[in-house]
Amino acid sequence: MTSIVTNTSASIALQTLRSVNSSLSETQRQVSSGLRVGKAADNAAYWSVATTMRSDNKAVSAVQDALGLSGAILDTTYEAIASSIDVMSEMKAKLVTAYEDGVDKTKVNEELTQLKGQLTATLAAASFNGQNWLSWNSSVDSADKQIVTSFIRNNDGTVELGTVSYAINTPPPRTDTDVQYFVDNGGSGEYGILSSEAFAVQAGSAKNYVVLKGATAPATATDLAINNSTTSAELDDMLSTLEGMTKQMTKVASDIGSLSRTVDQQNDFASKLSDSIDSGIGRLVDADMEEQSSRLSALQTQQQLAVQSLSIANSAPRNILSLFQG
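Remember, predicted model here, so these are calculated numbers, not experimental data.

Quick look at the overall build of the chain
So, point 1. Each helix and strand in the chain was counted, giving 6 helices and 6 strands.
So, point 2. Counting helices and strands in the order they occur from the N terminus, the chain gives α-α-α-β-β-β-β-α-β-β-α-α.
So, point 3. A compact globule built from 326 residues would reach a C-alpha radius of gyration of about 20 Å, whereas the chain, at 39 Å, exceeds it by more than 25%.
So, point 4. Overall, the chain is about 145 × 40 × 25 Å in size when its C-alpha atoms are taken along their principal axes.
So, point 5. About 17500 Å² of surface is accessible on the chain, with carbon and sulfur atoms providing 51% of the total.
So, point 6. A distance of 11 Å separates the average location of the 23 positive side-chain charges in the chain from that of its 36 negative side-chain charges.

Thoughts on the pairing of strand 2 (residues 145-153)
So, point 1. Of the pairings in the sheet, the one linking strand 2 to strand 3 (residues 159-166) comprises 8 bridges and is antiparallel in character. In the sheet register, V148 faces strand 3, and the bridge partner there is T163.
So, point 2. Hairpin connection, strand 2 to strand 3: the antiparallel pair is bridged by 5 residues, and G157 has positive phi, about 95°.

Considering the environment of T246
So, point 1. Mapped onto the elements of the fold, T246 is located in helix 5 (residues 232-285).
So, point 2. Between the C-alpha atoms of T246 and I193, which are 53 residues apart in sequence, the distance is 8.7 Å.
So, point 3. When residues no more than four places from it in sequence are discounted, the contact partners of T246 are I85, M88 and K92.

Quick notes on the packing of aromatic side chains
So, point 1. Taken as a whole and assessed by the stated rule, the structure comprises 2 aromatic pairs.
So, point 2. When the centroid spacing of 5.3 Å and the interplanar angle of 15° are considered together, the rings of W133 and Y166 count as stacked. Taken as a pair, W133 in the loop between helix 3 (105-125) and strand 1 (135-136) and Y166 in strand 3 lie far apart in primary sequence, 33 residues in all. By the burial criterion, W133 is buried, and Y166 matches it.
So, point 3. With 4.9 Å between their ring centres and 65° between their planes, W136 and Y191 make a pair best called edge-to-face. On the criterion of sequence distance, the pair formed by W136 in strand 1 and Y191 in the loop between strand 4 (183-184) and helix 4 (198-202) is long-range, its members being 55 residues apart.
So, point 4. Classification of Y191 as buried rests on a relative accessible area of 16%.

Points about the nonpolar core
One recurring pattern in soluble globular proteins: nonpolar side chains tend to sit buried together.
So, point 1. Core analysis: the largest hydrophobic core is formed by 48 residues, its most contacted members being M88, M91, L95, F182, L194 and V211.
So, point 2. Contributing elements (two or more residues each) for this core: helix 2 (44-97), helix 3 and helix 5.
So, point 3. Core analysis: the next-biggest nonpolar cluster, separate from the first, contains 7 residues, A270, I277, I281 and V285 among them.

Side note on helix 3
So, point 1. Between its first and last C-alpha atoms helix 3 spans 30 Å; for 21 residues at 1.5 Å apiece the expected length is 30 Å, and the two agree.
So, point 2. Turning to helix 3, its buried residues number three or more, namely K105, V108, N109, L112, L115, K116, L119, T122 and L123. Buried residues along helix 3 cover an arc of 130° about the axis, so they all sit on one side. Of the exposed residues in helix 3, those oriented more than 90 degrees away from the buried face are Q114, A124 and A125.

A word on the confidence of the model for the chain
So, point 1. Confidence in the prediction for the chain averages 87 pLDDT; 95% of positions are at 70 or higher.
So, point 2. At the level of individual helices and strands, the chain shows its lowest average pLDDT in helix 6 (residues 289-319), which scores 78, and its highest in helix 3, which scores 95.

Focus on the environment of A143
So, point 1. Within the secondary structure, A143 sits in the loop between strand 1 and strand 2.
So, point 2. Linking A143 and S22, residues 121 residues apart in sequence, is a C-alpha distance of 63 Å.

Examining the pattern of salt bridges
So, point 1. Across all of its chains, the model carries 10 salt bridges by this definition.
So, point 2. Its salt-bridge partner being R153, residue D56 comes within 2.7 Å of it at the nearest N-O pair. With a gap of 97 residues between them, D56 in helix 2 and R153 in strand 2 connect regions that are remote in the sequence.
So, point 3. For K116, the salt bridge goes to D223, with nearest N and O atoms at 3.1 Å. Here K116 is found in helix 3, whereas its partner D223 is found in strand 6 (residues 221-223), with 107 residues between them in sequence.
So, point 4. With a relative accessible area of 8%, K116 lands in the buried category.
So, point 5. Overlapping salt bridges, with partners in common, bring together D178, K251 and D255 in one network.

Some points on unusual backbone geometry
So, point 1. Residues other than glycine seldom take positive phi values, yet N129 does so here, at roughly 55°.
So, point 2. For N129, the position within the fold is in the loop between helix 3 and strand 1.
So, point 3. Given the relative accessible area of 57%, N129 is considered exposed.
So, point 4. Unusually for a residue other than glycine, R174 sits at a positive phi of about 55°.
So, point 5. With respect to the helices and strands, R174 occurs in the loop between strand 3 and strand 4.

About the criteria used
- All residue numbers refer to position in the chain's written sequence, counted from 1.
- Only residues with pLDDT of 70 or above have their local features reported here, since the model is predicted, and side-chain atom pairs are shown and tallied only from 80 upward, although totals for entire chains, interfaces and linings are computed over all residues.
- Excluding hydrogens and water, the side-chain values take into account all heavy atoms of the structure.
- Only runs of H or I of at least four residues qualify as helices and only runs of E of at least two qualify as strands under DSSP, and these elements are numbered from the N terminus.
- We compute the radius of gyration from the C-alpha atoms alone; for a globule the expected value is 2.2 Å times N to the 0.38, where N is the number of residues.
- Residue exposure ignores everything except the shown protein chains as possible cover, and the areas themselves are Shrake-Rupley values with a 1.4 Å probe.
- Positive residues here are Lys and Arg, negative ones are Asp and Glu, while His and the chain termini are left out of the count.
- The atom standing in for a charge is NZ when the residue is Lys, CZ when it is Arg, CG when it is Asp and CD when it is Glu.
- Pairing between strands requires that DSSP locate at least two bridges from one strand to the other.
- In this analysis, two residues are considered to be in contact whenever any of their non-hydrogen atoms come within 4.5 Å of each other.
- Centres within 6.5 Å make a pair out of two Phe, Tyr or Trp rings, where for Trp the six-membered ring is used; the pair is then stacked when the planes are under 30 degrees apart, edge-to-face when over 60, and tilted otherwise.
- Each residue gets one of three labels from its accessible area relative to the maximum for its type: buried under 20%, exposed over 50%, partly exposed in between, using a 1.4 Å probe on protein chains only.
- Definition of nonpolar core: a set of buried residues of the types Ala, Val, Leu, Ile, Met, Phe, Trp, Tyr and Cys, connected through side-chain atoms within 4.5 Å.
- One less than the residue count of a helix, multiplied by 1.5 Å, gives the span that helix is expected to have.
- Working note: the arc is built from the helix axis to C-beta atom directions.
- The predictor attaches a confidence to each residue, called pLDDT, with possible values from 0 through 100.
- Think of a salt bridge as a Lys or Arg side-chain nitrogen and an Asp or Glu carboxyl oxygen that are within 4 Å of each other.

Below you can see the structure in the form of structure tokens.
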């Protein structure tokens, strides 16, 4: 039955056109934004997960920046240690030279003084971003060094930062050679390898020889220096003291190298983790562009057909006029 009051065909065609237009609008949004889930209304669960993971990824990126800074500090420290160990080797060689008969020990001492100057300059320059891990200057420097290595989200949703520590030992005077700084410029002198009397004590030296006197060196500390009256026994004590210092410097270099390797590994992992998070977010919310491209073409065709169908349905009532024409 054809009615001029109710055009059922036109209503159906209009509903179809509206549905096609809605689908076409959504497809165009996904194609233009590249996202299947762009807001919570699209898929609340996926949107929530993706938003949280994006936040975590920014935290991981911040950790990478921190690791880069820590790596630079460690590299600077290691290079200064390596250079200092080389200078110590030269100092030992100069002392060995002083054993020879007829050697002007005052000249040798001048060379030792120059080498000490090199050590002082190297340790002062071993700073990056205001961080110097080889010079103790105040009580603040006694704290263990903390390096951020990771960002962790626990199963219960809480977050925390993973860290590794570089232990700092600040022993009482003349008791312990396990120290990490190379010079103590503000304490008892015992917090720095080159300014600690503990190495001479450990070597059984008659005098408490130190290579560098810190700003607050105790009166018992004896500057490592020679002259023409220096005896072989004193040279033995000096060499033994230098050997103990060099051994501890080598240990510190090993610890710094190990820590640097850990930082490099964590930095590499953080980079891969960031890529994995990006990939995971993409799988949740990114649009399949191949699928959406094909869908867009199909919907555009459907839209054209729906418009034609609506046009045909709207023309049907006019055809009734022909029934009343003579």
